[in-house]
Amino acid sequence: EGEGRGGSLVGISSPGVAASLYSPNAGYSMPGSGKCLMEYSMRIYAIKAAERKINANIIVPGVVKTEAWNRSAISRGLDGTEYVDGVVERIVPQKRAMVPRDIGNAVAFLCSDAGRFITGTVLPVDGGVHLKL
């Protein structure tokens, strides 16, 4: 990257943290508090780093198909695949779970020339989950 081109800061948050997008969840208080601080800090970074051509944003993913769902399913006596499929059916308007690559694609966009002018925002990349929660 050449001098003066700038850069990008991208944080990954989660549903339930951005009050304007999702309802709060009291059971998520500890990780949620940390992510709230990250979101606030990223807005400050967006202001402070703008003169250096650095954009700063937060991505809020939706239901991402990972092993974490298996632990949650087992604690409920369910199969991981069936469990995540049920969650997707209930809360994802696009009716598809995300894969980690979907988050990576959003990060790549925000770091690209096409996303360079987007800064200081919380971007839901969630298949519409924020419309239902």
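Here, every reference points to the structure presented above.
Residues numbered from 1 in each chain as written. Predicted model: local features only at pLDDT ≥ 70, side-chain atom pairs only at ≥ 80, totals over all residues. Heavy atoms only, no water.

Student: Would you explain the sheet that holds strand β3 (residues 122–125) in this entry?
Tutor: Pairing between the strands of a sheet comes from backbone hydrogen bonds, and it takes one of two forms, parallel or antiparallel. Strand order in the open sheet formed by three strands is β1-β2-β3, with parallel pairing between adjacent strands. Where the open sheet ends on each side, the last strands, each with one partner, are β1 (7–12) and β3. Across this sheet, the average inter-strand angle for adjacent strands is 30°, counted without regard to direction. Sheet analysis places β1 next to strand β2 (residues 54–61), joined by six bridges and oriented parallel. Bridge pairing in β2 places Val10 opposite Asn57. Those strands touched by helix α1 (residues 29–49) are β1, β2 and β3, and its axis lies near 155° from that of β2. (Pairing = 2+ DSSP bridges. Helix = DSSP H or I, 4+ residues; strand = E, 2+ residues; numbered from the N terminus. Axes fitted to C-alpha atoms, helices over the stretch in contact; angles between N-to-C directions. Contact = heavy atoms within 4.5 Å.)

Student: Help me out: how do you make sense of the packing of helix α2 (residues 68–75) against helix α3 (residues 80–91) in this one?
Tutor: A packed helix pair is summarised by two numbers, namely the angle formed by the two axes and the spacing between the axes. Close contact between α2 and α3 brings their axes to 8 Å; oriented N to C, the two are set at 100°. Judged by the inter-axis angle, α2 sits roughly perpendicular to α3. Counting all contacts with α2, which are made through Trp69, Asn70, Ser72 and Ala73, the residues of α3 involved are Gly80, Tyr83, Val84 and Val87. Taken together, the residues of the contact of α2 with α3 sort by class into five nonpolar, three polar and no charged. (Parallel < 35°, antiparallel > 145°, perpendicular 65-115°, else oblique. Nonpolar A, V, L, I, M, F, W, Y, C, P; charged D, E, K, R; others polar.)

Student: So what exactly am I meant to see when it comes to the packing of aromatic side chains here?
Tutor: Any pair of aromatic rings gets described here by the distance separating the centres and the angle formed by the planes. Taken as a whole, this structure holds one aromatic pair when the rule is applied. On the basis of an interplanar angle of 55° and a centroid distance of 5.7 Å, the ring pair of Trp69 and Tyr83 is categorised as tilted. Within this pair, whereas Trp69 is found in helix α2, its partner Tyr83 is found in helix α3, the two being separated by 14 residues in sequence. (Phe/Tyr/Trp six-rings, centres within 6.5 Å; stacked < 30°, edge-to-face > 60°.)

Student: Whenever I open this one, the pattern of salt bridges confuses me. Can you help?
Tutor: Two side chains with opposite charge may pair up if their charged atoms get near one another. Applying the stated criterion across every chain yields a total of three salt bridges. When the shortest N-O distance is used, the salt bridge between Lys65 and Asp85 registers 3.9 Å. Here Lys65 is found in the loop between β2 and α2, whereas its partner Asp85 is found in helix α3, with 20 residues between them in sequence. Taking the shortest distance from any N to any O, the salt bridge between Arg96 and Asp102 comes out at 3.2 Å. Overall, the relative accessible area of 45% leaves Arg96 in the partly exposed class. Here Asp102 falls in the buried class, since its relative accessible area comes to 18%. (Salt bridge = Lys/Arg side-chain N within 4 Å of Asp/Glu carboxyl O. Buried < 20%, exposed > 50% of the residue type's maximum accessible area, 1.4 Å probe, protein only.)

Student: I'm lost on the nonpolar core in this one. Help?
Tutor: One broad trend across soluble globular proteins is that nonpolar side chains are buried collectively. Core analysis: the largest hydrophobic core is formed by 10 residues, namely Val63, Ala73, Tyr83, Val84, Val87, Val88, Ile91, Val92, Ala97 and Val129. Among the elements that make up this core, the one with the highest residue count is α3 (five residues). The next biggest cluster of nonpolar side chains, apart from the first, holds seven residues, and it includes Ile59, Val64, Ala106 and Leu110. (Core = buried A, V, L, I, M, F, W, Y, C linked by side-chain atoms within 4.5 Å.)

Student: Where do I start with a nonpolar patch on the surface in this structure?
Tutor: A cluster of nonpolar side chains, Leu9, Tyr40, Ile44, Tyr45 and Ile47, forms an exposed patch at the surface whose accessible area comes to about 500 Å². For the nonpolar patch, the element with the highest residue contribution is α1, accounting for four residues. Of note, Ile47 is situated in helix α1. Looking at Ile47, the relative accessible area reads 63%, which means it is exposed. (Patch = residues over 30% accessible without salt bridge, like charges linked within 9 Å, V, L, I, M, F, W, Y side chains within 5 Å. Areas by Shrake-Rupley, 256 points an atom, 1.4 Å probe, with all protein chains shown as cover.)

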